[in-house]
Amino acid sequence: SGVLSAISAAGDVSVECQLSVTCEDGTGMGDLYGVTCGNFTNRGAYSFSTNGVNTCCAVNAAASVTNEENALIDIDMLDCADAVGIQSRTFDNSGTIEIKIESDARAVGIGRYESDGTTSTAGGWSNAGSIEIEVSGSGGAVAAFGGSSLAGIDWRSNDGFSFDNSGTLTVTATAAAPSPLSEDNWPSWQYFDTLGVGLMPGGDSSFDNSGTMTISALNGYTAGLYIGGSGDYNISMKNSGDLDVTATTAGGDNI
């Protein structure tokens, strides 16, 4: 029990060649973090795999995550209770990132949370490389906004931010079971429980896709691409690339 980090640093961590973190059976473990630091930079190959861990995060960066050109991040989490692939205040990818998460509750591929789960302040998100994210689980009601989020990307802030994709982004979020919500709950923004990409700024912000973005949210109260929140500010949306969004519900009386 307790918290275990393969690498924990108050400052910066840089992977220049290869780093691999593996937990074959984490049943009964407490929290597992691959790398906890300020700024995380990958110029080589970083892999993280877990099975059965209660709470886990491959990269928990208080400031920034940068995956440089020709670098690889490979994250695989199975049978976890609370799993986040990458979380940081700012995110910049020019290389390749592959994330697969199966969780009993929260499953987030790339999230913008502090380690204590609170919303962080200003910072942007940028991808000029290739990112593929698959998340599945059973996030609860109000998951994307208050509880256990099920989202490929869950990026939110108390301030405004930019979200830019000029590379290839493929995201699939699949609910493990139909939502228990009743039709009386719907439609209401706080009841989305399955998000492909959820962007929740707290100030003037922008969404710009000039690359290829394929987003799927399946089997729940879904939003393939959600942009918004609450507040008096402007959000600009621009697509000059390929943007393909799919959202399916579980059907039945609860829709």
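Note: the structure precedes this text.
What counts, and at which threshold
- Residues numbered from 1 in each chain as written.
- Predicted model: local features only at pLDDT ≥ 70, side-chain atom pairs only at ≥ 80, totals over all residues.
- Heavy atoms only, no water.
- Helix = DSSP H or I, 4+ residues; strand = E, 2+ residues; numbered from the N terminus.
- Polar contact = N/O pair within 3.5 Å; in protein donor to acceptor, adjacent residues only side chain to side chain.
- Buried < 20%, exposed > 50% of the residue type's maximum accessible area, 1.4 Å probe, protein only.
- Contact = heavy atoms within 4.5 Å.
- Patch = residues over 30% accessible without salt bridge, like charges linked within 9 Å, V, L, I, M, F, W, Y side chains within 5 Å.
- Areas by Shrake-Rupley, 256 points an atom, 1.4 Å probe, with all protein chains shown as cover.
- Salt bridge = Lys/Arg side-chain N within 4 Å of Asp/Glu carboxyl O.
- Lys, Arg positive; Asp, Glu negative; His and termini not counted.
- Charge placed at Lys NZ, Arg CZ, Asp CG, Glu CD.
- Phe/Tyr/Trp six-rings, centres within 6.5 Å; stacked < 30°, edge-to-face > 60°.

K.L.:
Got a minute to help me understand the side chain of Ser-88 in this structure?
P.N.:
Tracing the chain through its elements places Ser-88 in the loop between strand E7 (72-87) and strand E8 (90-93). A polar side-chain atom of Ser-88 sits 2.7 Å from the main-chain carbonyl oxygen of Thr-90.

K.L.:
Could you clarify how one ought to interpret the side chain of Asn-127 in this entry?
P.N.:
Along the chain, Asn-127 turns up in strand E10 (residues 125-127). Taking the relative accessible area as the measure of exposure, Asn-127 reaches 0% and is therefore buried. Setting aside chain neighbours within four positions, we find Asn-127 in contact with Asn-93, Asp-164, Asn-165, Ser-166, Gly-167, Thr-168 and Leu-169.

K.L.:
Explain the environment of Ile-75 to me, please; I cannot follow it from the model alone.
P.N.:
Mapped onto the secondary structure, Ile-75 falls in strand E7. Spatially, the C-alpha atoms of Ile-75 and Gly-85 are 6.6 Å apart, while their sequence positions differ by ten residues. With sequence-adjacent residues up to four places away left out, Ile-75 is seen in contact with Phe-48, Ala-58, Gly-85, Ile-86, Glu-98, Ile-99 and Lys-100.

K.L.:
Is there a simple way to think about a negative patch on the surface in this case?
P.N.:
A surface patch of like charges, here negative, comprises Asp-74, Asp-76, Asp-79, Glu-98, Glu-102, Asp-104, Glu-132 and Glu-134. Breaking the negative patch down by element, the ones donating at least two residues are E7, strand E9 (96-111) and strand E11 (130-137). Within the fold, Asp-74 resides in strand E7. The class for Asp-74 is partly exposed, based on a relative accessible area of 31%.

K.L.:
In this structure, what is going on with the packing of aromatic side chains? I would like to understand it.
P.N.:
Note on aromatic pairs: each is described by the distance of the centres and the angle between the planes. Enumeration over the complete set of coordinates arrives at four aromatic pairs. Between Phe-91 and Trp-125, the ring centres sit 5.1 Å apart and the planes meet at 25°, which makes this aromatic pair stacked. Here the residue Phe-91 occupies a position in strand E8, and Trp-125 occupies one in strand E10, the gap between them amounting to 34 residues. Here the two residues Phe-91 and Trp-125 agree in accessibility, since each one is buried. Each residue in the set Phe-91, Trp-125, Phe-163 and Phe-207 is aromatic and connected to the rest through ring pairs, giving one cluster.

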